[in-house]
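# Descriptive structure summary
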Amino acid sequence: MTSLLRKFRISFSNVIMLPEMRSPPSAESVDKFMELPGGQESTQDGVSEKTLRHIRLGELLRQYSSNANLIVVTMPVPRKNTYSSLLYMSWLETISTNLPPTLFVRGNQESVLTFQS
């Protein structure tokens, strides 16, 4: 990762790979999510694995990036007719709450970085 950042001349001070992403989120974070409008929809079938992943991502961003000037996050891919807009917006809220400025970037599942030397 560091070599890729250097290659694109992106200055950085620290790169941390997060093995804790597979750990479940705290009960407190899940409870906060359930208070959001989209959280109400999660109670019908329980909290999905995808929702738990987004809650955990928000926890890790707050733990590791709370002092950053800008956080860039790959936006969750919205699935039409699969997730409601309320649930989707609740995911974004959960990921970005209590953080410095956060930029969500969405692509089309293709690599778009170009390097010419």
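As a reminder, the structure under discussion sits directly above these lines.
The following refers to the structure shown.

Here is what the cut-offs are and how they apply
- Residues numbered from 1 in each chain as written.
- Predicted model: local features only at pLDDT ≥ 70, side-chain atom pairs only at ≥ 80, totals over all residues.
- Heavy atoms only, no water.
- Core = buried A, V, L, I, M, F, W, Y, C linked by side-chain atoms within 4.5 Å.
- Buried < 20%, exposed > 50% of the residue type's maximum accessible area, 1.4 Å probe, protein only.
- Helix = DSSP H or I, 4+ residues; strand = E, 2+ residues; numbered from the N terminus.
- Contact = heavy atoms within 4.5 Å.
- Phe/Tyr/Trp six-rings, centres within 6.5 Å; stacked < 30°, edge-to-face > 60°.
- Salt bridge = Lys/Arg side-chain N within 4 Å of Asp/Glu carboxyl O.
- Expected span 1.5 Å × (residues − 1).
- Pairing = 2+ DSSP bridges.
- Patch = residues over 30% accessible without salt bridge, like charges linked within 9 Å, V, L, I, M, F, W, Y side chains within 5 Å.
- Areas by Shrake-Rupley, 256 points an atom, 1.4 Å probe, with all protein chains shown as cover.

The next thing to look at is the nonpolar core. The biggest cluster of nonpolar side chains holds seven residues, and these are V30, F33, I55, L87, Y88, W91 and L92. Contributions of two or more residues to this core are made by helix 2 (27-35) and helix 5 (85-96). Ranked by residue count, the leading element in this core is helix 5, at four residues. Not counting residues within four places of it along the chain, the set of residues in contact with I55 comprises P25, S29, V30, F33, R62 and T94.

A few words now on unusual backbone geometry. Positive phi values are uncommon outside glycine, yet N98 reaches one of about 55 degrees. Mapped onto the elements of the fold, N98 is located in the loop between helix 5 and strand 2 (102-105). Looking at N98, the relative accessible area reads 66%, which means it is exposed.

Counted under the stated rule, the structure contains two aromatic pairs. Members of the aromatic cluster, connected to one another through ring pairs, are Y83, Y88 and W91.

The next thing to look at is the environment of F33. Note that F33 resides in helix 2. Classification of F33 as buried rests on a relative accessible area of 1%. On a C-alpha basis, the gap between F33 and T51 in space is 9.1 Å, while along the polypeptide they are 18 residues apart.

Take the pattern of salt bridges next. Taken as a whole and judged by the stated rule, the model has three salt bridges. Close ionic contact of K32 with E28 constitutes a salt bridge, the shortest N to O distance being 3.4 Å. Of this pair, K32 and E28 both sit in helix 2, separated by four residues, roughly a single helical turn.

The subject of this paragraph is helix 5. With twelve residues, helix 5 should cover 16 Å at 1.5 Å per step; its first-to-last C-alpha distance of 17 Å lies within 8% of that length. Among the residues making up helix 5, those that are buried are L87, Y88, S90, W91, L92, T94 and I95.

Note: strand 1 (residues 71-74) against strand 2, four bridges, orientation parallel. Its bridge partner being in strand 2, T74 is matched across the sheet by V105.

A separate point is a nonpolar patch on the surface. Among the surface-exposed residues, L70, V72, L103 and V105 lie close enough to one another that they form a single nonpolar patch of about 340 Å² accessible area. Assignment of secondary structure puts L70 in the loop between helix 4 (49-65) and strand 1.

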